[in-house]
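Take a look at the letters that make up each chain.
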Amino acid sequence: MSVLMPALDQAVLARRDSIVAALRAIVPGEGVIAGEREMRPFESDGLTAYRALPMVVVLPETTDQVARVLRYCQDHGIKVVPRGAGTSLSGGALPLGDGVLLGMAKFNRIREIDFDNRVAVVEPGVTNLAVSNAVANAGFYYAPDPSSQIACTIGGNVAENSGGVHCLKYGMTTNNILGLEMVLIGGEVLRLGGKHLDAGGYDLLGIITGSEGLLGVVTEVTVRILKKPETARAVLVGFPSSEDAGECVSRIIGAGIIPGGMEMMDKPAIHATEEFVHAGYPLDVEALLIVELDGPKAEVDHLIEQVAAIAKDCGSTTLRVSNSEEERVLFWAGRKAAFPAVGRISPDYYCMDGTIPRAKLPLVLKRIRELSEHYGLRVANVFHAGDGNLHPLILYDANKPGELAKTEEFGAEILKLCVEVGGVLTGEHGVGVEKRDLMPVMFSEEDLNQQQRLKCAFDADGLLNPGKVFPKLHRCAELGRLHVHAGKVPFPDLPRF
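What counts, and where the lines are drawn
Residues numbered from 1 in each chain as written. Predicted model: local features only at pLDDT ≥ 70, side-chain atom pairs only at ≥ 80, totals over all residues. Heavy atoms only, no water. Helix = DSSP H or I, 4+ residues; strand = E, 2+ residues; numbered from the N terminus. Rg over C-alpha atoms; globule rule 2.2 N^0.38 Å. Buried < 20%, exposed > 50% of the residue type's maximum accessible area, 1.4 Å probe, protein only. Contact = heavy atoms within 4.5 Å. Areas by Shrake-Rupley, 256 points an atom, 1.4 Å probe, with all protein chains shown as cover. Lys, Arg positive; Asp, Glu negative; His and termini not counted. Charge placed at Lys NZ, Arg CZ, Asp CG, Glu CD. Arc of directions from axis to C-beta. Expected span 1.5 Å × (residues − 1). Salt bridge = Lys/Arg side-chain N within 4 Å of Asp/Glu carboxyl O. Disulfide = S-S within 2.5 Å. Axes fitted to C-alpha atoms, helices over the stretch in contact; angles between N-to-C directions. Parallel < 35°, antiparallel > 145°, perpendicular 65-115°, else oblique. Left-handed = near helix turned anticlockwise from the far one by under 90°. Nonpolar A, V, L, I, M, F, W, Y, C, P; charged D, E, K, R; others polar. Core = buried A, V, L, I, M, F, W, Y, C linked by side-chain atoms within 4.5 Å. Pairing = 2+ DSSP bridges.

Chemist: How should I be thinking about the overall build of the protein chain in this particular structure?
Modeler: If you tally the helices and strands in the protein chain, you get 18 helices and 20 strands. Relative to a compact globule of 497 residues, whose C-alpha radius of gyration would be 23 Å, the protein chain shows 23 Å and is just as compact. With the C-alpha coordinates aligned to their principal axes, the bounding extent of the protein chain is approximately 65 × 55 × 50 Å. Per-residue burial over the protein chain gives 56% buried out of 497 residues. In the protein chain, the proportion of contacts linking residues at least 24 apart, taken out of those at least 6 apart, comes to 72%. A total of about 20,100 Å² of accessible surface is found on the protein chain, and carbon and sulfur atoms cover 53% of it. The positive charge centre, built from 49 side chains, and the negative charge centre, built from 63, are 2 Å apart in the protein chain.

Okay, structure coming up:
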C-alpha cells in the first residue's frame, strides 16, 4: 500500500506568498496559518505513518468564508484538502505540499435542537459525543457512536460514513442524517434534505455521505436524535476460541435477534483493555462478546435468556449480565478504550478496517491468525461483530527497519481476504490513501471510471482532496467523451496521482 501523491505544482508554490495574502484577506486574524512549526500539528491524521506539511492552513468560521476560499482556489487552480478533527485512520485528511488544508474545527456550534421533530442542527466541527450530551437532559441521544466519539466530529463522520458499536441496530451516519449544507468547489452553497424524513429526487445525501471530501465541504448537518430506550443491559460472554465466538454471532442474528450492539475482542485485546480500564473482563478466555439488548424491560429480559442459551450451545465458558447502568457503561468503556489500550503493549499499531459477511467470521479469524504467524506480527482483534466490520490491530515497531512495510503488506492481505469472502475494503474508516491502491481488487476499471465521472460532476478540475480513493485518475474531459461508448473502452495511460 504505497502512498504516491500528486506531483507538487511548482507554479502554485512559486506564488505561495500571494496565495497566503489572498487567503488572509478572506479569513483575517488567526484564521490562516503559514509558519512551518505552526503547521506541524496538521501534517497527518490518525494514519500517522504518513505525513506531509501543507502549503498553508485555513481555519474559516463562516459558510461565506468557506465559499470564498473555495472559489479563490478554483479560480487559481489550487488544491484543497478538507479536514475535521484529524482522527481519520485512512489518511483521508493527509495534506498536500501545494494545497490548502481547510480545517473546519471552528464550526463547533449546535445551531438548533428540535425535540418535536427529533433533530439537531449542528456545525461540522461539533464532536460526536457533544450531540448526545446536548440532548441527554431530555432523554435523547445520537445513535452513531464511533470509539473516537469524544474527539471525532460530525463533519468527519459524514465524510467517512462512520458507525460505532450501536450501528448494527441503529445504522451508520447515512441512516441518521436528514439534511446538510455543503459548499461546492466553485463557492456555490448547496442545501440537501432538511428536517423531513424523506427527500424527493436523487439520493444526493447518500452520495455525499462517505464521499471523503472529494465532492464538497459540509458546513451544516441535520442529524436524527432518538429517545433513549426504556431498558438497556449488556452481556459479557467468554469463549474458548474466536471461532466459537464468531459462530455465536451468526446464530444470534440467525435467530432474529438484533442487539443494540454486538462487539468482539480476542485475548490480546481483552488483556490490554482490562489492564487499562478494569472493566471486569474475564482473562481466562480466548474471545469475548459484548452483546447489548435494549427496549422494554420484559423484552430485554427475554432476549437475554435467548442469547445465553445460544452462547451456551456455542461453547461459552463465562457469562455476566450488567445489573446497573454504571456497570453497562463500564463494559462499553473497556471496548471503546481498546485502541489506546493496545497502544500500551506495542510501540506502534496499524488499525485495519474491512467488512465481511457475518457467517465468514470463523474462517476469516482463522486466516488472520495464520497470516499473523506468516508475517511474524501479533494481531489484536477488536471489531463490530454484528455487522462484520473488522478492526484487526497489527502490532509493530516502526523503529525496526522494514517492519512498517511488512505490516502494510500484512494489512493488504487482510483486506484482500475480506473481498475474497464476499466483503468490502472498508466499513467506516474510508479509503483515503491507505486502501486506494487496493480499489482494483474490488472494482473493475469501468466501475472506478464511473465513480470518477460522479466526482467530475461536482469537481471538474479535480481540486478537492486529490490523490485519495482513486488509484488512477483520468481527466474529466476524457471521461466525458468515453462514457457514451458501450462495452469496454481502452483508457489512455494518464498521469497517476
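Chemist: Explain helix 2 (residues 16–26) here, please?
Modeler: Since one α-helical turn is 3.6 residues long, residues separated by three or four positions face the same way. When we look at burial in helix 2, the residues that qualify are Ile19, Val20, Leu23 and Ile26. The buried side chains of helix 2 occupy one side of the element, clustering within an arc of 115° when seen end-on. Seen from the buried face of helix 2, the exposed residues on the opposite side, beyond 90 degrees, are Asp17 and Ala25. For helix 2, the elements touching its buried residues are helix 1 (10–14), strand 1 (32–33), strand 2 (56–58), helix 4 (63–75) and strand 4 (99–103).

Chemist: I keep staring at helix 11 (residues 297–313) and nothing clicks. Help me out?
Modeler: Its 17 residues place the ends of helix 11 25 Å apart at the C-alpha level, agreeing with the 24 Å of an ideal helix rising 1.5 Å per residue. Buried residues along helix 11 sit against strand 12 (231–239), helix 9 (242–254), strand 14 (287–295) and strand 15 (318–321). One or two residues past the end of helix 11 sits Gly315, with phi positive at roughly 95°.

Chemist: Which parts of the structure should I look at to understand the pattern of salt bridges?
Modeler: Should the charged atoms of two oppositely charged side chains come close, the side chains can pair. Overall, the coordinates contain 32 salt bridges when judged by the stated rule. Here Glu38 ties to Arg37 by a salt bridge, and the two come within 3.9 Å at their closest N and O atoms. With a relative accessible area of 42%, Glu38 lands in the partly exposed category. Between Arg328 and Glu325 there is a salt bridge, with its nearest N and O atoms 2.6 Å apart. Here Arg328 pairs with Glu325, and both are found in helix 12 (residues 325–336), just three residues apart, close to one helical turn.

Chemist: Sorry, what's going on with the state of the cysteines here?
Modeler: Disulfides are covalent bonds that link the sulfur atoms of two cysteine residues. Tallying each qualifying case throughout the model produces one disulfide. In this model Cys456 forms its disulfide with Cys476; the gap between the sulfur atoms is 2.0 Å. Around the S-S axis, the bridge from Cys456 to Cys476 shows a dihedral of about -85° and counts as left-handed. Residue Cys456 is found in helix 17 (residues 445–458), and its partner Cys476 is found in helix 18 (residues 476–482); the two are separated by 20 residues along the sequence. By relative accessible area, which is 16% here, Cys456 ends up buried. What makes Cys476 partly exposed here is its relative accessible area of 21%. Cysteine Cys248 remains unbridged, with the sulfur of Cys314 as its closest cysteine sulfur at 4.5 Å. As a non-bridged cysteine, Cys418 has Cys351 as the owner of its nearest cysteine sulfur, 12 Å distant.

Chemist: Could you clarify how one ought to interpret the packing of helix 9 against helix 14 (residues 361–375) in this entry?
Modeler: Any two packed helices are characterised by how steeply their axes cross, that is the angle between the axes, and by the distance between the axes. At their nearest, the axes of helix 9 and helix 14 sit 8 Å apart, and the two run at 155° to each other. The orientation of helix 9 relative to helix 14 falls into the category roughly antiparallel. The handedness of the crossing between helix 9 and helix 14 is right-handed. For the pair helix 9 and helix 14, contact is made by Ser242, Glu243, Gly246, Glu247 and Val249 and by Leu361, Pro362, Leu365, Lys366 and Arg369, respectively. Looking at the contact of helix 9 with helix 14 residue by residue, the classes come out as four nonpolar, two polar and four charged.

Chemist: For this particular structure, what's the right way to read the nonpolar core?
Modeler: Where a protein is soluble and globular, its nonpolar side chains tend to be buried together. Formed by 83 residues in total, the largest nonpolar core has its most connected members in Leu289 and Leu293. Counting residues per element, this core draws most heavily on helix 15 (residues 403–420), at seven residues. Non-local contacts of Leu289, meaning those with residues more than four positions away in its chain, are made with Val235, Leu236, Val237, Phe239, Ala245, Cys248, Val249, Glu263, Met264 and Ala385. Listed in part, the 28 residues of the second largest apolar core include Val12, Val56, Leu102 and Phe107.

Chemist: Explain the sheet that holds strand 10 (residues 217–224) here, please?
Modeler: Hydrogen bonds between backbone atoms are what pair the strands of a sheet, whose relative direction is either parallel or antiparallel. The sheet built from five strands is open, its strands ordered 5-6-10-8-9 with antiparallel pairing. A strand with exactly one partner marks an edge of an open sheet, and here the two such strands are strand 5 (110–114) and strand 9 (189–193). Strand-to-strand, the axes of this sheet are offset by a mean angle of 10°, without reference to chain direction. In the sheet, strand 5 pairs with strand 6 (residues 119–122) via four bridges, with the strands oriented antiparallel. Within strand 6, the residue paired with Ile110 across the bridge is Val122. Along the sheet face, helix 4 touches strand 5, strand 8 (177–183), strand 9 and strand 10 and points at about 50° away from the line of strand 8. Taken strand by strand, helix 5 (residues 128–135) contacts strand 5, strand 6 and strand 10, and its axis lies near 45° from that of strand 5.

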